[in-house]
Amino acid sequence: MCSVKYSRIKGTGSYLPEKVLSNTDLEKMIDTTDQWIRDRTGIERRHIVGEDETTCDLAEMASRRAIEAAGINIEDIDLVIIATTTPDRIFPSTACLLQERLGIQKGAAFDVQAVCTGFVYALDIADKFIRTKSARTALVVGADALSRILDWSDRTTCVLFGDGAGAVVLSGSDESGVLSTHLHADGRYKDLLTVPAGISQGYEQVQSQNAFIHMDGREVFKKAVNTLGQLVDETLEANQMEKGDIDWLIPHQANIRIITATAKKLKMPMDRVVVTVQEHGNTSAASIPLALDVAVRDGRVKRGETLLLEAFGGGFTWGSALVKY
Ligand code: UT7
């Protein structure tokens, strides 16, 4: 039996809803242009959930693909974590709903809410569960249906986001896996990127115009670029690595200009950066595992390579993970 020194990604999966909304479609809905959206964000299209489709539906599809890729039995899973900001219900957690759909009845299941940084938070938690032997095999999912919390008349936000899910199966190994994780939060920035309504404020709030994403894009942009630059330094320093030791940068996909700035800081050519923002938009907690799965399945990311995952989002929250794939 192998010793458990690391948690290791055994398989990845992802899922996107069928409906695609292009920039040209958006031109017909609001005062915007394909050119503006491409120039300012890099986004060309995004996927949007169907009328009856929920976050758990997306999470289930992504999870089944990750489980298949990992080659494990569903019964082996003894931890389910979903990072999401758009849960199906107030309670139970979407992780419990997913657990039931997959027929898992053992171990813990819970949601993590750290908006766009959610997957990195969930990965950090699952890694600790596995290394402390509190779990053996974890299903870690990032899934969001942000289209449900967009004001479709607000051109400053509705063009930016999309829906989707990504998942990884993580299990204990004596081979290198997750090398380090670095999580941060600073709630002083709560109002710059927010849905300022919640159930403890009463149902009226949730039904009001407040229950949509509000963002000061310019301020978020500036803070994201600076913070991600520092995060990259922190991650490399903790692992006594040089910039050149990273094989792939797999960033949160919010804006191509933010991604390019981080790649520049790492002195990484863009062909070593996984970019999906043009196809998916910003899918919040789903964006990193979605991008990872795309790059694993198209053969770019290979076993033994060193991956830097990083994200920044509402809270503010931010975090990174250095992973030997
Ligand atoms: O995942 C969580 C993290 N989120 C982010 O990282 C998002 C960070 N922010 C951004 O990505 C960018 O700030 C945006 C893409 C949101 C906006 O880009 P920007 O270059 O910062 O544009 P801006 O907000 O400074 O707006 C420039 C102009 C404004 O017009 P005026 O005031 O210059 O006349 C906006 O009204 O662009 C206008 N504008 C638009 N025009 C056409 C804003 N949205 C649109 C639009 N179509 N959809």
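What you see is a predicted model, and the numbers here were worked out from it, not measured in a lab. (Residues numbered from 1 in each chain as written. Predicted model: local features only at pLDDT ≥ 70, side-chain atom pairs only at ≥ 80, totals over all residues. Heavy atoms only, no water.)

S.K.: An account of the overall build of the protein chain is requested, with residue identities and associated values reported.
M.R.: From N to C terminus, the protein chain includes 11 helices and 13 strands. By the compact-globule yardstick of 20 Å for 325 residues, the protein chain fits well, its C-alpha radius of gyration being 19 Å. When its C-alpha atoms are laid out on the principal axes, the protein chain stretches across 60 × 45 × 35 Å. Taking all 325 residues of the protein chain together, the buried fraction comes to 54%. The long-range share in the protein chain, meaning contacts at least 24 apart out of those at least 6 apart in sequence, stands at 75%. When the accessible area of the protein chain is evaluated, it comes to approximately 14,200 Å², of which 48% is carbon and sulfur surface. Separation between the mean location of the 36 positive side-chain charges and that of the 44 negative ones in the protein chain comes to 4 Å. (Helix = DSSP H or I, 4+ residues; strand = E, 2+ residues; numbered from the N terminus. Rg over C-alpha atoms; globule rule 2.2 N^0.38 Å. Buried < 20%, exposed > 50% of the residue type's maximum accessible area, 1.4 Å probe, protein only. Contact = heavy atoms within 4.5 Å. Areas by Shrake-Rupley, 256 points an atom, 1.4 Å probe, with all protein chains shown as cover. Lys, Arg positive; Asp, Glu negative; His and termini not counted. Charge placed at Lys NZ, Arg CZ, Asp CG, Glu CD.)

S.K.: Describe in detail the pattern of salt bridges, supporting the description with residues and values.
M.R.: As a working rule, side chains carrying opposite charge can pair if their charged atoms are close by. Within this structure, the stated rule accounts for 18 salt bridges. Across the pair Arg38 and Asp34 runs a salt bridge, and its minimum N-O distance is 2.9 Å. Residue Arg38 and its partner Asp34 are both found in helix α2 (residues 34-41); the two are separated by four residues, about one turn of the helix. Since its relative accessible area comes to 18%, Asp34 is described here as buried. (Salt bridge = Lys/Arg side-chain N within 4 Å of Asp/Glu carboxyl O.)

S.K.: Can you break down the sheet that holds strand β4 (residues 79-83) residue by residue, with the values?
M.R.: Either a parallel or an antiparallel arrangement is found when strands of a sheet pair, and the pairing is made through backbone hydrogen bonds. Read from one edge to the other, the open sheet built from five strands follows the order β1-β7-β6-β4-β5, with strand pairing classed as mixed. Unpaired on one side and paired on the other, β1 (6-15) and β5 (108-112) mark the two borders of the sheet. On average, adjacent strands in this sheet sit at an angle of 15° to one another, irrespective of strand direction. Examined bridge by bridge, β4 and strand β6 (residues 137-145) share five bridges and lie parallel to one another. When the sheet's bridge partners are listed, Ala83 is paired in β6 with Gly142. (Pairing = 2+ DSSP bridges. Axes fitted to C-alpha atoms, helices over the stretch in contact; angles between N-to-C directions.)

S.K.: I'd like to hear about the site of the ligand, residue by residue, with values.
M.R.: Looking at the ligand, there are 24 residues lining it, with Thr32, Arg40, Arg218, Asn255 and Asn282 nearest. Here a nitrogen atom of the ligand sits 2.6 Å away from a polar atom, N or O, in the side chain of Thr32. Contacts to the ligand include Asn255, whose side-chain N or O atom sits 2.6 Å from an oxygen atom. Protein contact buries 76% of the 960 Å² of open area that the ligand shows by itself. When residues of the shell around the ligand are traced back to their parent elements, those giving at least two are α2, α6 (155-158), α8 (217-238), α9 (256-265) and β12 (306-313). The biggest single contributor to the shell around the ligand is α8, with four residues. Partitioned by chemical class, the residues of the shell around the ligand number 11 nonpolar, eight polar and five charged. (Near = heavy atom within 4 Å. Polar contact = N/O pair within 3.5 Å; in protein donor to acceptor, adjacent residues only side chain to side chain. Nonpolar A, V, L, I, M, F, W, Y, C, P; charged D, E, K, R; others polar.)

S.K.: Describe the packing of aromatic side chains, naming the residues involved and giving the relevant values.
M.R.: For the structure shown, the criterion picks out four aromatic pairs. Consider the rings of Phe110 and Phe129, whose centres lie 6.1 Å apart with planes at 40°: the pair is tilted. Residue Phe110 is located in strand β5, and its partner Phe129 is located in helix α5 (residues 118-131); the two are separated by 19 residues in the primary sequence. Overall, the relative accessible area of 24% leaves Phe129 in the partly exposed class. Connected via pairs of aromatic rings, a cluster forms that spans Tyr189, Phe312, Phe316 and Trp318. Sitting above the plane of the Trp248 ring, Arg272 keeps its charged end 4.1 Å from the centroid. (Phe/Tyr/Trp six-rings, centres within 6.5 Å; stacked < 30°, edge-to-face > 60°. Lys NZ or Arg CZ within 6 Å of the ring centre and 35° of its normal.)

S.K.: Describe α8, listing the residues and the values that go with them.
M.R.: Counted at 1.5 Å a residue, the expected span for α8 with its 22 residues is 32 Å, and the 31 Å between its end C-alpha atoms agrees. On its buried face, α8 is in contact with β8 (178-185), β9 (193-194), β10 (214-215), α9, β12 and β13 (317-324). Just past α8, the residue Gln240 takes up positive phi, approximately 45°. (Expected span 1.5 Å × (residues − 1).)

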